[in-house]
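Structural overview for review
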Amino acid sequence: MFGSYTYGNLIFGSKGAGSGNQYKSALESAAGADTLAVDKELALADASAGADALVIDKELAVVDVSTGADVLGIDKELIPSDGGVAVDTLSILRQMSVLMARDRSRLKPAYLLEISLKNGGPTLYFSDRNIEVSEQKYEDYLEDLSGIGEEIKRATSEGINADITLSFKNDRFRSYSYLIEIGESYPFEGAEVVIKEVYLDDDGVPSDVEVIFKGVLDEPKDIDLMGFKCSVSSMEFHKDRLWKQEVIDTTGYPNAYEDVGKYEPIVYGSGVLMPALRVDWGARTTLKGQISASATSLELSDASRFPASGYIWIDEEKIYYLSKSGNVLDGLSRGQGGTTATAHRAGADVWEHKAQYDSLLAGHELYSVGDIFAEIEGKLWRVTSGVSAVYEGGKHLLRATEQIRVKAVEDEIDVDDTTDVSDGIAVSDDIEVTVAGATKTVYPDSSTGGDNPGNSIDGNEWSQNVLAAGETNTVGFPDTSYGTIDKQYVYAILNAGDWSIGGFWTPSSISASQRGEFRFQRTGGDWGDPISFTPQQSTSVYEVLYKEVEYTATTTKSGSAYRTGSVTKTGTVLKTGTVISTHTVDRFHAVVSGYKDPDGNYGGAGSLIERPDYVIKHFLVERMGFSLSGIDTASFDTAGSFYATKGYKFAFAVNDRIVPSEFLRQLAFECRSTLRYEKGRWYLDVIPDTAPESVKTITKEELAGKGAKFRFRKTPWIDIANDLTAKFKKNYSRLGSESEWDSTVKQSDSASQAKYGIYPEELEFEAIRDAVMADDVLSHILLQRKTPLLVVEFPVFWEHFDLKVGDTIQIDNPLYGGKKFYIESIRRFDKFRAEVRAIEWW
């Protein structure tokens, strides 16, 4: 038997029967068959002595063996054999893979650089030798390369920028006397660089090429006549530098003043209550002094934003002004548009009249816009008309087509009402009634009164006023009596948050961790006894369902009554005055659902993007500019299956300055995962609750260097956290003194606290809005933080090391050999050695 492998169109036979040279350009068959000559150019093997012809396709490198031909042995390291005798077609690799090459000690690695210079410059192909790989020539301008490595912190998903340094020879290059001079026209700074690795045999024949890094060059340094150096930043950190969040300014929004300097919101997921940014509300100021109903000029506190002439609103009056001089408006035409000229007080709001008033909800198209609210004096009021959602120019807006104010009517009433009544009643009535105890259901009062089940609270979360902390909502019931009350119950649905319950009902409070349907109870009382709800956080009552009363209807009536006389009523009722109160809207808010899938790559075309893997993938591609080919599909799909099983969904808004790579790793942290950028691709890996099977055991023989050994330590004890609290469901529309977060979850470990003491820590889950998900993630974090973990570090020979960051390993060591470790870092010393750091699984 003999083996063979191929480079290009040449076939080399390995040592076997009758063969004495590993590199002889001949194929020898088993059992003493004649030598088969191989034409170097045509790659055609012709068998003598009647043997079947073996044709090797020059392009495909496929050996076709006719039925009955001698069996050809194939090197198992190159092509796995199926062990059959009657083999028809055997595929032979044209080049060895990198992993195969690493197993051959005589093969040595070489680095290949591809540098795309900026400003339309050429692409430079450099190596540490003159070499041609895949028909591309690489020139000998790379003197040294150090610092290759990947790193991810399992507990936080935090990444670390690369520490790679390239050393270049400063030789003559093309028309330049020195290589550095090309950078004057085509800057090295910011040039994209791809670093590849290839393995060469003694004849310089290459293996497959592997991309080991993608990034950008920093500025040249240590420049002299002999050479210069450049550090290299990872592509993810380069994208961070290119990241731009759109800011509200008067260039993009000429009439934006109130919210200038704020960031255009980016929204993912469903049900996020968002404040809309006032990007076109016109000019707004106050009246400097009081004016009469006949005044023909007025002074504003600041007229700089008002046009030279136009219409304004003061209270309920629309006024036209002919000219503006400083802060004074002249040539007033009062009572325009059917309004009435009236006197106005100093300090009254003055608005520029516009056909429409625009507020920005998001800097992109939204999946949907739900209920809209007006913010007035620190409260939210549901808007039912006059404001609508509009998608225009790539932005989603709220557009008000009326003056941005809310009107209310207050009556001032003067009543003179005198009644004189003389009433006598004579009754003879002997009644004795005994009725067994009964249960009656009573519904909240409605416009029809009584116990009509026309519930005025309809169960829509947003149909009720949003209750600020300390604000009370009281629900009454019909007071029609059916007997003596023994016990009464009120059934209600509350959302999460701390609640105080008024009206002598039990329980008298609800904790933040509870939500759903509750039954409140009291003994005795009256049929009309109300119940009140006071939230400790800004939230709302979902619905009060009904009151249920247990009562005894036993009545005994006896006696007599005598009625005589007449009823005399004198006096008049006088109502005078009608006051119309106008409330200025501070801003609008709306319940929105964010990005939708544009092309089916993030859950399905037109679907809401909310599952964590889809959110992260969409952000990487659509917001940061990475290609879909730079996303590792296998890891993202595996993570996505886990999220689907768990029911994980994100819902959040980005409305503050972020660093994209840090922000995305925080998202990964909030779904129990790590996100890493390795060898030009993004990987998303879920961290399980239990250690997976190890993929390899590292022995002492694989350690690199004389006296190399496993080095152990533990994570710092100050990192212990065994009493965790996490805030979630961020309140983007908080008012006044409201909390920035609507909900919290807690997790603790009593065994850790008994052993180490109590170490609290508070976290914030910005992307999580669901209590079950928040609790599950926090419980997982507690696993990693409740006790110090073992860390192992060791050097290895790189050509024998086929592991990657995120793999689970064991070590062959009598001290800690039975433990499993998660690889957090792999850093190359040079071409042949790497330093590995791994942390213990809990």
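What you see is a predicted model; the values in this text were computed from it and never measured.

Right, let's get into the overall build of the protein. Each helix and strand counted, the protein has eight helices and 61 strands in total. Classification of the 842 residues of the protein by burial places 46% in the buried group. Sequence separation of 24 or more characterises 68% of the internal contacts of the protein that already satisfy a separation of 6 or more. As displayed, the protein has an accessible area near 40,000 Å², and 47% of this comes from carbon and sulfur atoms.

In terms of strand pairing, strand E10 (residues 123–127) meets strand E12 (residues 136–140) through two bridges, oriented parallel. Within the sheet, the bridge partner assigned to phenylalanine 126 lies in E12 and is glutamate 139. The antiparallel hairpin formed by strand E11 (residues 131–133) and E12 contains two residues in its connecting segment, where serine 134 sits at a positive phi of about 55°.

This brings us to the sheet that holds strand E20 (residues 272–275). As summarised here, the arrangement of the four strands in space is E20-E49-E31-E32, forming an open sheet in which the pairing is antiparallel. The open sheet terminates on both sides in strands that have one partner only, identified here as E20 and strand E32 (379–383). Within the sheet, the average angular offset between the axes of one strand and its neighbour, ignoring direction, is 35°. The sheet contact formed by E20 and strand E49 (residues 587–593) spans four bridges and is antiparallel. Among the inter-strand pairings, valine 272 is bridged to a residue of E49, identified as valine 592.

Residue proline 507 is reached from threonine 506 by a cis peptide bond, and omega for that bond is 0°. Looking at the secondary structure, you find proline 507 in the loop between strand E41 (499–502) and strand E42 (509–510). Positive phi outside glycine occurs at serine 134, with the angle close to 55°. When you line up the elements, serine 134 lands in the loop between E11 and E12.

Taken as a whole, this structure holds 41 salt bridges when the rule is applied. With a closest N to O distance of 3.8 Å, glutamate 610 and lysine 649 form a salt bridge. One end of the pair, glutamate 610, is in the loop between E49 and helix H4 (612–623); the other, lysine 649, is in the loop between helix H5 (633–646) and strand E50 (652–654), and 39 residues separate them in sequence. For lysine 649, a relative accessible area of 47% translates into the label partly exposed. A salt bridge links aspartate 776 to lysine 646, with the nearest nitrogen and oxygen atoms 3.3 Å apart. Residue aspartate 776 is found in helix H8 (residues 771–785), and its partner lysine 646 is found in helix H5; the two are separated by 130 residues along the sequence. Connected via shared salt-bridge partners are Asp259, Lys262, Arg278 and Arg587.

In this section: the pairing of strand E24 (residues 310–314). Summarising burial for E24: four of the five residues are buried, a large majority. The sheet contact formed by E24 and strand E25 (residues 317–321) spans five bridges and is antiparallel. Note that in E25 the partner of isoleucine 314 across the bridge is glutamate 317. Count of turn residues in the E24/E25 antiparallel hairpin: two residues, of which aspartate 315 carries a positive phi of about 50°. Sheet analysis places E24 next to strand E29 (residues 349–352), joined by three bridges and oriented antiparallel. When the bridges of E29 are listed, tryptophan 313 appears paired with tryptophan 351.

Once that is clear, we can look at the packing of aromatic side chains. Applying the stated criterion across every chain yields a total of 37 aromatic pairs. Judged by centre distance (6.1 Å) and plane angle (80°), the ring pair of phenylalanine 520 and phenylalanine 533 falls under edge-to-face. Of this pair, phenylalanine 520 sits in strand E43 (residues 516–523) while phenylalanine 533 sits in strand E44 (residues 531–535), and the two are 13 residues apart along the sequence. The rings of Trp243, Tyr268, Tyr595, Phe619, Phe650, Phe652 and Phe663 are connected pair by pair, giving a single aromatic cluster. Here the basic side chain of lysine 318 rests over the ring of tyrosine 311, its NZ or CZ set 4.8 Å away from the ring centre.

Glancing now at a negative patch on the surface. A cluster of acidic residues, Glu181, Glu184, Glu189 and Glu219, forms a negative patch on the protein surface. Examined against the element boundaries, glutamate 219 turns out to sit in the loop between strand E17 (210–217) and strand E18 (227–234).

Within the element layout of this structure, glutamine 753 appears in helix H7 (residues 750–756). Along the chain, glutamine 753 and threonine 787 lie 34 residues apart, while their C-alpha atoms are 9.6 Å from each other. Residues within four places of glutamine 753 in sequence aside, it is in contact with Asn722, Asp723, Ser748 and Ile758. In terms of polar contacts, glutamine 753 uses its side chain to reach the backbone carbonyl oxygen of asparagine 722, at 3.1 Å.

Next up on the list: a nonpolar patch on the surface. A cluster of nonpolar residues, Tyr178, Leu225 and Met226, forms a patch on the protein surface that exposes about 350 Å² of accessible area. Inspection of the secondary structure assignment puts leucine 225 in the loop between E17 and E18. Given the relative accessible area of 60%, leucine 225 is considered exposed.

A separate point is H8. Compared with the 21 Å implied by 1.5 Å per residue over 15 residues, the 21 Å span of H8 between its first and last C-alpha is a close match. Residues of H8 that are buried: Met773, Ala774, Asp776, Val777, Leu778, His780, Ile781, Leu782, Gln784 and Arg785. Contacts made by the buried residues of H8 are with H5, helix H6 (660–669), strand E55 (723–730), strand E56 (741–748) and strand E57 (760–765). Two or three places before valine 772, at the start of H8, stands the capping residue aspartate 770, its side-chain oxygen 3.2 Å from that residue's backbone nitrogen.

For the pair H4 and H5, the least separation of the axes is 8 Å and the interaxial angle reads 140°. By the criterion of interaxial angle, the relationship of H4 to H5 is oblique. Facing Pro612, Asp613, Ile616, Lys617 and Leu620 of H4, the residues of H5 in contact are Phe636, Gly640 and Tyr643. A breakdown of the residues in the contact of H4 with H5 according to their chemical character gives five nonpolar, one polar and two charged.

Position of aspartate 749 relative to the elements: it lies in the loop between E56 and H7. Residue classification places aspartate 749 among the buried residues on the basis of a relative accessible area of 17%. Side-chain polar atoms of aspartate 749 contact the backbone nitrogen of serine 752, separated by 2.7 Å. When sequence neighbours within four positions are dropped, the list of residues in contact with aspartate 749 reads Asn722, Leu782 and Lys786.

Quick look at the nonpolar core now. Grouped together as the largest cluster of nonpolar side chains are 75 residues, with contacts concentrated most on Phe588, Leu620, Phe650, Phe652, Leu664, Leu667 and Phe765. At six residues, the largest contribution of residues to this core is made by H8. Beyond its immediate chain neighbours, meaning those up to four positions away, phenylalanine 765 contacts Phe669, Glu670, Ala726, Lys727, Phe728, Lys729, Trp741, Ala774, Val777, Leu778 and Ile781. Grouped together as the second largest cluster of nonpolar side chains are 27 residues, Leu124, Leu142, Leu179 and Ile212 included.

Of all residues in the protein, 75% have pLDDT values of 70 or greater, and the mean over the chain is 80. The low-confidence segment residues 408–428 (pLDDT under 50) makes 65 contacts with residues lying over four places distant or belonging to another chain.

A few words now on the packing of H4 against H6. Between H4 and H6, whose axes approach to 10 Å, the crossing angle comes to 170°. By the angle between their axes, H4 is roughly antiparallel relative to H6. Of the residues in H6, those touching H4 at Val615, Ile616, Phe619 and Leu620 are Pro660, Phe663, Leu664, Leu667 and Ala668.

Bringing the environment of arginine 827 into the picture now. With respect to the element layout, arginine 827 can be found in strand E60 (residues 821–828). Note on arginine 827: relative accessible area 22%, which makes it partly exposed. C-alpha of arginine 827 to C-alpha of aspartate 163: the two residues are 664 residues apart in sequence and 9.4 Å apart in space.

Rules of the game
Residues numbered from 1 in each chain as written. Predicted model: local features only at pLDDT ≥ 70, side-chain atom pairs only at ≥ 80, totals over all residues. Heavy atoms only, no water. Helix = DSSP H or I, 4+ residues; strand = E, 2+ residues; numbered from the N terminus. Buried < 20%, exposed > 50% of the residue type's maximum accessible area, 1.4 Å probe, protein only. Contact = heavy atoms within 4.5 Å. Areas by Shrake-Rupley, 256 points an atom, 1.4 Å probe, with all protein chains shown as cover. Pairing = 2+ DSSP bridges. Axes fitted to C-alpha atoms, helices over the stretch in contact; angles between N-to-C directions. Salt bridge = Lys/Arg side-chain N within 4 Å of Asp/Glu carboxyl O. Phe/Tyr/Trp six-rings, centres within 6.5 Å; stacked < 30°, edge-to-face > 60°. Lys NZ or Arg CZ within 6 Å of the ring centre and 35° of its normal. Patch = residues over 30% accessible without salt bridge, like charges linked within 9 Å, V, L, I, M, F, W, Y side chains within 5 Å. Lys, Arg positive; Asp, Glu negative; His and termini not counted. Charge placed at Lys NZ, Arg CZ, Asp CG, Glu CD. Polar contact = N/O pair within 3.5 Å; in protein donor to acceptor, adjacent residues only side chain to side chain. Expected span 1.5 Å × (residues − 1). Parallel < 35°, antiparallel > 145°, perpendicular 65-115°, else oblique. Nonpolar A, V, L, I, M, F, W, Y, C, P; charged D, E, K, R; others polar. Core = buried A, V, L, I, M, F, W, Y, C linked by side-chain atoms within 4.5 Å. pLDDT = per-residue confidence, 0-100.

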